[in-house]
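Topology and contacts: notes
Take a look at the letters that make up each chain.
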Amino acid sequence: MAEAHSAVAFSFAITHEGWDVNFDREVLHLVWDSGVRSWKKRIARLKNNLKTGLYPVPISSLFATAAVVSGSHYYGVEIPGLDKILRLIPSKDIKYEIAACAGLSALGFFGFSLSLKYALKALFMYKGWMYESRGPGRKPSFKTRAWLFWVKLVSGPSRPMLYSYQGSLPRLPLPSVKDTMARYLRSVRPLLDDKEYARMEKLALEFQSGIGVKLQRYLVLKSWWATNYVSDWWEEYVYLRGRSPLMINSNFYGIDTLFMHPTTNQASRAAVVIYAMLQFRRLIERQELEPIMLQGIVPLCSWQYERMFNTTRVPGVETDKIVHLLDSKHIVVYNRGRFFKVIIHHNRRILLPCELEIQMQAILDNDTPPCVGEERLAALTAGHRAHWAQTRQEHFFKGVNRQALDAIEKAAFIVCLDDVPYEFDKNVPSKLDEYGRTLLHGKGYDRWFDKSFTLCVGTNGKIGVNAEHSWADAAIMSQSVEHVVFKEIEIGYKEDGHTKGTPSFAPPPPIKLQWDLKDSCLNAIDASYQVARQLIDDIDLHIYMHDAYGKGFMKQCRLSPDAYLQMVLQLAYYRNAGKFSLTYEASMTRLYREGRTETVRPCSIESAAWVKAMSNNDKTVSEKVALLQKACLQHQRAYLDAMCGKGIDRHLFCLYVVSKYLEVDSPFLKEVLSEPWRLSTSQTPHGQTSKLDLKKYPDCISAGGGFGPVADDGYGVSYIVAGEDILFFHISSKKSCPTTDSKKFGEDIKQALHDIRTLFLEYKKENGGKK
């Protein structure tokens, strides 16, 4: 009814009695408010873009500069360059002289601002500080101290906005083919016997001196021209051109804090989290979100935040595309097979949690049955992309289906009010496994997998997210969840679990979306659901919670926690599979503009030597510890290299793309790009928000999130270092593979963690209790 009401809000007709004009004042008032809000946002964006474009110089300095120049000229002080400008003015009128002073001030101001911006870019290119040892009694080198002084001086006292540093971030450097070949050959040495290694070495050297030279030339041109020589191709070819289902294969999930349960009321928890998410969106839009700074000095690229909200991945027959809107005033809620459009902005403001709760409760209390085919409609987003694209073109191109689909795709984000609880019980691990599976795939039809993210809320008030991967990496979603947790603590709940506050007006009621799905469309939905069902039945997910020790013990061992855990995974996998495997670990390249990820290859010569030593009784405890320390140092160095643009796999990937454009076959690239990642790993970042102090709020520890396996015969492992004494491992594999078992691999990880701890305790005992 609401859509029909809007359609006749204004009508115009000519009759025999004259003109007849009818309009609805309320709807026209809404239209006016929408236009005012839109223009306010445009002006705010223009103002913020000006500020970020001038950073690190504050815009107020422009007016101060103009005042100083004008005053100096008035008192007869000679200003360089001003005489030349004064000769060009028509007369010595005070207005023209002020204008000349203002023009000179603006030129000098903008020139100075640009100089500082490029000075910052040059300073940020220095990465030597990352490789220097840290710890008690260790001081940075003189070069790093001098660099630190100049960075602080050039940055100035101005408080940066979210995108302030974008123009000062350097471009991702392009490695030489020779360096990449050397790193690649070293990385595969523990995986190949002497004969296989000799063959691969020959292929690499032939590529390096042959076609690699030509491919590199084209890549050099792209690195000069493009902002980032990797990111656009990575997004297009790795994500958007993939034709396999997004569910499990691409999308990832994130779990709520396990030890904090502020309310069991589903509607009120959903309302507060929706409100916190909208506040996060406002911080991004206004650029008030603080950019993440390494060591409080070096900024990370903020480009990925732009498409977090109001974004959908639209399917295509050959390639998908990401559609992002500058604004959206509604969300879409899915509950018991029905889709509802929920207005979130009314009377020139975002609805308060108490008003959002009314809307959520209205949906939960609504007994209207779903339209025919509506319940499993979202299965189309879980199936093959080409099938969804063809179905979308045939059945959702016009009419009521197009209007309803537009409401979903143009929503700020999707909310799923599930009909099951999300449970966690330390003594019943299967409940946490089920929690993860519910977020990863649900029922196969109750998540809109195309949206940038779907907020999921259980009947007991616990939450989680399912996120599409092409628009950004997991760190962005992780930060948003941290913001929600902190904001939720600020907002709070009543003693009875409901939201605080009193509504100042009756919020707009939810609008149930209408669908007209023909038999052929229902068949297409069922076909996608069957694909989704097969994927769900085949996925094996286990979440292992380790609380015997955590980061605190690793620090006592003076080892990087990430390197420590990667060695745990190498030892566990070797025991599980009986061999080493090509291992993927994601690291970020956001120290560079539009940077995303690079691959670290944790299976190294050093890690393999240590793993073999762990089962060698002839090796002493001291020898094993020395080998572990060496392996961790090598891993840490490789991780830093990847962060600094000295990785292997993104360079090889781009060379491969160029070869395909040139229609040139390379046996080396073809073999390298076809190698399976049987162990794909990633660490979920924790504590990105400076406001969320885990010492003050110890129950705000997140369980992290996970993803599906990359290889059919491999494991996908996501882990999070949650506080000082707790770790979570999200382990996925396929049931159809006889050689993988997620729960068994979790037991192997548990044993590896125990064995390494025992190793260090024995080493400490042998050395008289010294660390």
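Note that the structure is predicted; figures quoted are calculated from it, not measured.

The next point concerns the overall build of the chain. From N to C terminus, the chain includes 24 helices and 22 strands. Taking 28 Å as the expected radius of gyration for a compact globule of 771 residues, we find that the chain reaches 29 Å, a close match to that expectation. For the chain, the C-alpha atoms occupy an extent of roughly 105 × 80 × 60 Å along the three principal directions. A burial count over the chain gives 53% of its 771 residues as buried.

This part covers the packing of helix H19 (residues 561–577) against helix H21 (residues 621–643). Put simply, H19 and H21 touch, their axes get as near as 9 Å, and they point 115° apart. You can see that H19 and H21 cross each other, and the crossing is right-handed. Residues Asp562, Ala563, Tyr564, Gln566 and Met567 of H19 form the contact with H21, whose own contacting residues are Leu628, Ala631, Cys632, His635 and Tyr639.

Turning to a nonpolar patch on the surface, a few remarks are in order. Taken together, the side chains of Phe149, Trp150 and Leu153 define a hydrophobic patch exposed on the protein surface, amounting to about 350 Å² of accessible area. By the secondary structure assignment, Leu153 is in helix H6 (residues 142–155).

Moving on: the pattern of salt bridges. Side-chain pairing between opposite charges can occur once the charged atoms of the two side chains come close. One pass over the full model with this rule turns up 37 salt bridges. In this structure, the salt-bridge partner of Lys512 is Glu374, at a minimum N-O distance of 3.0 Å. You can see Lys512 sitting in strand S15 (residues 511–512) and its partner Glu374 sitting in the loop between helix H12 (353–365) and helix H13 (385–395), a full 138 residues away along the chain. Taking the shortest distance from any N to any O, the salt bridge between Glu409 and Arg392 comes out at 2.7 Å. You can see Glu409 sitting in helix H14 (residues 399–409) and its partner Arg392 sitting in helix H13, a full 17 residues away along the chain. By the burial criterion, Glu409 is buried, and Arg392 matches it. One connected set of salt bridges, linked through shared partners, spans Arg243, Arg313, Asp320, Arg385, Asp450 and Glu468.

To continue, consider the packing of aromatic side chains. Tallying each qualifying case throughout the model produces 31 aromatic pairs. With a centroid separation of 5.2 Å and an interplanar angle of 75°, the aromatic rings of Tyr55 and Tyr165 are classed as edge-to-face. Taken together, the residues span a long stretch of sequence, with Tyr55 in the loop between helix H2 (25–54) and helix H3 (60–74) and Tyr165 in the loop between H6 and helix H7 (177–188) at a distance of 110 residues. As far as the burial class goes, Tyr55 and Tyr165 line up, both buried. Seen in terms of ring centroids, Trp388 and Phe396 are 5.9 Å apart; in terms of plane orientation they differ by 80°. Their pairing is edge-to-face. With respect to burial, Trp388 and Phe396 carry one shared label: buried. Members of the aromatic cluster, each reached through a chain of ring pairs, are Tyr334, Phe339, Trp388, Phe396, Trp448 and Trp515. Sitting over the ring of Trp233, Lys222 keeps its end group 4.3 Å from the ring centre. Lying over the aromatic face of Tyr529, Arg376 brings its terminal NZ or CZ to 4.2 Å of the ring centre.

Averaged over the chain, the pLDDT score is 90; the fraction of residues at 70 or greater is 91%. The model gives residues 1–9 a pLDDT under 50, and that stretch makes eight contacts with residues more than four places away or in other chains.

What follows is about the environment of Tyr163. Here Tyr163 shows up in the loop between H6 and H7. Between the C-alpha atom of Tyr163 and that of Trp150, which follows or precedes it by 13 residues, the distance is 21 Å. Residues in contact with Tyr163, not counting those within four places in the same chain, are Thr52, Ile284, Gln287, Ser302, Tyr305 and Glu306.

A separate point is the nonpolar core. In this structure, Met308, Phe413 and Phe668 are the most contacted members of the largest nonpolar core, which totals 107 residues. Sorting elements by how many residues they give to this core places helix H11 (residues 266–285) first, with twelve residues. Residues within four places of Phe413 in sequence aside, it is in contact with Ile274, Met277, Leu278, Phe309, Ile331, Val332, Lys451, Phe453 and Leu455. In terms of nonpolar packing, the next biggest core, distinct from the first, is built from 41 residues, Tyr573, Trp610, Leu679 and Ile756 among them.

A separate point is the sheet that holds strand S17 (residues 583–588). The strand order S16-S22-S21-S19-S17-S18 describes an open sheet built from six strands, whose pairing is mixed. Two strands in the sheet have a free side with no partner beyond their single neighbour: strand S16 (539–546) and strand S18 (597–600). For this sheet, the mean inter-axis angle between neighbouring strands, taken without regard to orientation, is 20°. Across eight bridges, S16 lies against strand S22 (residues 727–734) in antiparallel orientation. Its bridge partner being in S22, Tyr544 is matched across the sheet by Phe729. Most of the contacts of helix H15 (residues 429–440) go to S16, to which it runs at about 130°, and overall it touches S16 and S22. Running over the sheet, helix H17 (residues 519–538) touches S16 and S22 and is turned about 40° from S16.

With mixed pairing, the eight strands of this open sheet are ordered in space as S15-S9-S8-S12-S13-S14-S3-S20. In this open sheet, the two strands that pair with only one neighbour each are S15 and strand S20 (705–706). Pairing analysis gives five bridges linking strand S13 (residues 453–457) to strand S14 (residues 463–467), with the strands arranged antiparallel. The residue bridging Leu455 from the neighbouring strand is Val465, located in S14. Contacts from H11 reach strand S8 (330–335), strand S12 (414–417), S13 and S14, with the element oriented near 150° to S13.

Below, the discussion takes up the packing of H7 against helix H8 (residues 194–209). Here H7 crosses H8 at 170°, and the two axes come no closer than 10 Å. Accordingly, the angle class assigned to the pair H7 and H8 is roughly antiparallel. The segment H7 lies against H8, with Val177, Lys178, Met181, Tyr184 and Leu185 engaging Tyr197, Met200, Glu201, Ala204, Phe207 and Gln208. Partitioned by chemical class, the residues of the contact of H7 with H8 number eight nonpolar, one polar and two charged.

For the rest of this paragraph, the subject is H6. If you check H6, its first and last C-alpha atoms are 20 Å apart, about what 14 residues at 1.5 Å a residue would give, namely 20 Å. Along H6, the positions that sit buried rather than exposed are Thr144, Trp147, Val151, Val154 and Ser155. Taken end-on, H6 shows its buried residues confined to a sector of 95°, consistent with a single buried face. With respect to the buried face of H6, the exposed residues turned more than 90 degrees away are Phe142, Lys152 and Leu153. Positive backbone phi, at 70°, marks Gly156, one or two positions downstream of H6.

When the UniProt feature table is mapped onto this chain, "active site" (unreviewed entry) is found at His469. Within the fold, His469 resides in the loop between S14 and helix H16 (474–491). With a relative accessible area of 17%, His469 lands in the buried category. Residues contacting His469, with those up to four places away along its chain left out, are Tyr239, Ser250, Asn251, Phe252, Ala474 and Arg596. Among the polar contacts made by the side chain of His469, one reaches the side chain of Tyr239 at a distance of 3.4 Å.

The next thing to look at is the side chain of Asn335. Checked against the element boundaries, Asn335 lands in strand S8. Overall, the relative accessible area of 2% leaves Asn335 in the buried class. Here Leu417 takes part through its backbone oxygen, which lies 2.9 Å from a polar atom of the side chain of Asn335. When neighbours within four sequence positions are excluded, Asn335 is seen to be in contact with Ile363, Leu364 and Leu417.

Considering the arrangement of structural elements, one finds Leu50 in helix H2. Residue class for Leu50 comes out partly exposed when judged on its relative accessible area of 41%. As for Leu50 and Ser164, which are separated by 114 residues in sequence, their C-alpha atoms are 9.8 Å apart.

Cut-offs and rules
Counting from 1, residues in each chain are numbered in the order their sequence is written. pLDDT decides what is reported in this predicted model: residues at 70 or higher carry local features, side-chain atom pairs at 80 or more are listed and counted, and totals for whole chains, interfaces and linings draw on all residues regardless. Computation of side-chain values covers all heavy atoms of the structure but excludes hydrogens and water. In DSSP terms, a helix is any run of H or I states spanning at least four residues, a strand is any run of E spanning at least two, and both are numbered starting from the N terminus. Throughout, radius of gyration means the C-alpha value; the globule benchmark is 2.2 Å times the number of residues raised to the power 0.38. Buried means the residue's accessible area, taken with a 1.4 Å probe over protein chains only, is under 20% of the maximum for its type, while exposed means over 50%, and partly exposed covers the values in between. To obtain each axis, a line is fitted to C-alpha atoms, and for helices this fit is confined to the stretch in contact; angles are then taken between N-to-C directions over 0 to 180 degrees. Note on convention: near helix rotated counterclockwise from far helix by under a right angle means a left-handed crossing. Clockwise means right-handed. Here, two residues are considered to be in contact whenever any of their heavy atoms come within 4.5 Å of each other. To count toward a patch, a residue needs a relative accessible area over 30% and no salt bridge; like charges are then connected within 9 Å, while nonpolar side chains (Val, Leu, Ile, Met, Phe, Trp, Tyr) are connected within 5 Å. Computed by Shrake-Rupley with a 1.4 Å probe, the accessible areas treat only the displayed protein chains as cover when residues are assessed. Here a salt bridge means any side-chain nitrogen of Lys or Arg lying within 4 Å of a carboxyl oxygen belonging to Asp or Glu. Only Phe, Tyr and Trp rings are paired, with Trp represented by its six-membered ring, and only when their centres lie within 6.5 Å; those with planes under 30 degrees apart are stacked, over 60 edge-to-face, the remainder tilted. Charges are assigned to positions over rings by a cutoff of 6 Å between ring centre and Lys NZ or Arg CZ, combined with an angular limit of 35 degrees from the ring normal. pLDDT expresses how confident the predictor is about each individual residue, on a scale running from 0 to 100. What is meant by a nonpolar core is a set of buried Ala, Val, Leu, Ile, Met, Phe, Trp, Tyr and Cys residues, joined one to another through side-chain atoms within 4.5 Å. Between any two strands, at least two bridges found by DSSP are needed for them to pair. With respect to orientation, any angle under 35 degrees is reported as roughly parallel, any angle over 145 as roughly antiparallel, any angle of 65 to 115 as roughly perpendicular, and every other angle as oblique. By the convention adopted, Pro, Cys, Tyr, Trp, Phe, Met, Ile, Leu, Val and Ala count as nonpolar, Lys, Arg, Asp and Glu as charged, and the other residues, Gly among them, as polar. By this rule, a helix spans an expected 1.5 Å times one less than how many residues it contains. The directions from the helix axis to the C-beta atoms are what the arc is built from. UniProt positions are given in the numbering used here, feature names are shortened, and annotations may be inferred rather than shown by experiment. For the purposes of these results, a polar contact is taken to be a pair of N or O atoms within 3.5 Å, where, inside protein, one atom must be able to donate a hydrogen and its partner to accept one; residues adjacent in sequence count only when each atom of the pair is a side-chain atom.

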